[in-house]
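Now for the letters of each chain:
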Amino acid sequence: MGQRLRFAPSPTGLLHVGNARTALVNWLVARHTGGSLVLRIEDTDVERSDEENERAILADLAWLGIEWDEGPDIGGPYGPYRQSERLDRYTEVADRLVASGWAYPCFQTAEQVESLRQQARQGGGSFRFRGEHRDVSADEARALIEQGGAALRFKVPDTDVRFVDDLRGETGLVAGEIGDFVVTRADGSPTYNFAVVIDDHDMRIDRVVRGEDHLPNTPRQILLYEALEWQPPAFTHLPLILSPDRSRLSKRQGATSVAEIREGGVLPEALCNFLALLGWSPPDENEVLRPAELEAVYDVSKISAANSVFDLTKLEWLNGQHMALLSPGDLLDRVTPFLVEAGIELPGPGLGREREWFAAAAVLAGGGARRLTELAARLRELICPSWGGLFEANAEVRDDEEARAVVGAFAESSRAGELDNEEAYLDAVSRVREATGAAGRRLFHPLRLAISGRDSGPELKQLIPLLEVGARLALEPAVPGVAERIDRALGLRRS
RNA sequence: GGCCCUAUCGUCUAGCCUGGCCUAGGACACCGCCCUCUCAAGGCGGAGACACGGGUUCAAAUCCCGUUAGGGCUACCA
């Protein structure tokens, strides 16, 4: 029987990698067990929540390939899925708590409670708040609530609270550690601990997978489940993701939002793969796994309970691996937004030959690239070099008689149309070698420099035919062929 | 401060539950070699860890206690 899981982000900002990991694990477990994933928006903090963030979070999840079965955008049998739309339900349950003597009104402000807490801390002990109306009857409580302005507090019982965390085993808190916490604010809105219990129960969630920062909250929630006589779900608290200095992951130490990572040219499957590898390792030694493969082998119970550091270098490596796994057409599709940004307009999807050429060019230019942004930059440089830069890079070729002879011969071959396939190119290489006596590095280095302005890059036997074919295609901007590049490098042609 | 969680190479981890098979395995990064017109990629090899201290045991990375360190919570945030 599949499990029902949920991912419940708060729309107070962009989707963070930590939350993305939580979402991914929930999704993986739901898929692996044949269960379902519920997406719920926790927007009870009206001050900090906004719709723009919610839209962005949904878009980021979709980009990652995380699909939900029920949610605010698609509905489902246990909606609504936005806490701001469930206020009546929270009030209903709060009334029930008051009626059964589990909750009472409290007029102390947050500031007053905070100063009590500070005092207790000075004294060195732990702090446990209890409101003055804690022991009133249900009728008295209702009368007090009538006056308005009261928050509702949960009357925490004097018992130990134990529960099982899937990764840590039994844990909990001893009696007296928890003070009476607020369940409903003075304005009537529910607090996190309260709303989450009601929603998880109402939405039939049987397994909660969330960040370890929620571990100390769990006993409070267990207490609520008990007071309400509901069955609590199973809990799995995921360790946190840390910055390289082992402090809390912060913006200062690089990209922490999914949006930034995407804009940095990272593939969603690479990010998922990377996130899955935090705290977990696959049963066999291959770590490069696509979403479907992850789904098949991922085992949430094997996740380490220790926090892990976000290692950007490994993410980049994985990205390179996933880029290499893509078909030429897919790679071109993925890099297209970055090419557009780099000023290259791609021919529409209808133009078969031109698109095929671009796809081949992307594969060739991208050899070893780790990010789509890097591939786009390399591709741009390859197909439309700056003439000034090319000329400058070729001073040594112009000053060297043999080098000049080599590239001049290739320019001739190009003009004769003898370089547009690998075989013809290889023949041309043999002829030039014989005619000039240049071989090896002395033959290839000037040629590479003259056509690309660089001393490293893709294999010439692939690059040269590609450029020659590209030059004959009606591309915009036009791709200069080998002869033109050499002319520019030698300064024989200027515009 | 109080409470909770955690602790194997620089990083992500396997091994820990069910002590001997661990001379502690893999991946990223690093170094070297090979391949090669170049840079990558790829192949091969190298260096690199059981936080510390006590126990328990014939035997501890593995079990127990403590210390230290890191992280979390301590809100009418989530």
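These numbers come from a predicted model, not from an experiment.

Rules behind the numbers
- Residues numbered from 1 in each chain as written.
- Chains lettered and ligands numbered in written order.
- Predicted model: local features only at pLDDT ≥ 70, side-chain atom pairs only at ≥ 80, totals over all residues.
- Heavy atoms only, no water.
- Helix = DSSP H or I, 4+ residues; strand = E, 2+ residues; numbered from the N terminus.
- Domains from an automatic or database assignment.
- Axes fitted to C-alpha atoms, helices over the stretch in contact; angles between N-to-C directions.
- Parallel < 35°, antiparallel > 145°, perpendicular 65-115°, else oblique.
- Left-handed = near helix turned anticlockwise from the far one by under 90°.
- Contact = heavy atoms within 4.5 Å.
- Pairing = 2+ DSSP bridges.
- Near = heavy atom within 4 Å.
- Polar contact = N/O pair within 3.5 Å; in protein donor to acceptor, adjacent residues only side chain to side chain.
- Nonpolar A, V, L, I, M, F, W, Y, C, P; charged D, E, K, R; others polar.

**Considering unusual backbone geometry**
Then comes step 1: Despite not being glycine, Arg204 has its phi angle at roughly 60 degrees, a positive value.
Then comes step 2: You can see Arg204 is positioned in the loop between α6 (192-202) and β8 (207-211).

**What about the domain arrangement of chain A?**
Then comes step 1: As far as domains go, chain A holds domain 1 (1-68 + 239-325), domain 2 (86-204) and domain 3 (385-490).
Then comes step 2: Relative to domain 3, the C-alpha centre of domain 2 lies at a distance of 76 Å.

**Digging into the packing of helix α13 (residues 352-365) against helix α20 (residues 460-472)**
Then comes step 1: The interhelical angle for the contact between α13 and α20, taken along N-to-C directions, is 155 degrees, at an axis separation of 11 Å. Comparing their axes, α20 and α13 come out roughly antiparallel. Crossing of α13 against α20: the hand is left-handed. For the pair formed by α13 and α20, the contact residues are Trp357, Ala360, Ala361 and Leu364 on the first element and Gln462, Leu463, Leu466, Val469 and Gly470 on the second.

**Topic: the sheet that holds strand β3 (residues 103-106)**
Then comes step 1: Pairing is antiparallel across the open sheet formed by three strands, whose spatial order is β3-β4-β7. This sheet does not close on itself; its edge strands, each paired only once, are β3 and β7 (182-184). The mean inter-strand angle of the sheet, taken between neighbouring strand axes irrespective of direction, is 45 degrees.
Then comes step 2: The pairing of strand β4 (residues 151-154) with β7 spans two bridges and is antiparallel. From the neighbouring strand, Arg153 faces β7, where its bridge partner is Val182.

**Section: the protein's contact with RNA strand B**
Then comes step 1: RNA strand B sits among 62 residues. The nearest are Thr44, Arg117, Arg185, Gly279 and Arg370.
Then comes step 2: Backbone atoms, meaning sugar plus phosphate, form 72% of the atoms of RNA strand B positioned within 4 Å of the protein.
Then comes step 3: Contact distances for RNA strand B include 3.1 Å between a sugar or linking oxygen and a side-chain N or O atom of Arg168.
Then comes step 4: Note that a base oxygen of RNA strand B is positioned 2.9 Å from one of the backbone N or O atoms of Ala186.
Then comes step 5: Put simply, the parts of the chain that give the surface near RNA strand B at least two residues each are α4 (110-123), β4, β6 (169-173), β11 (308-309), α11 (312-325) and α19 (440-452).
Then comes step 6: Per-element tally for the surface near RNA strand B: the top contributor is α11, with four residues.
Then comes step 7: In terms of residue class, the surface near RNA strand B is made up of 18 nonpolar, 22 polar and 22 charged.

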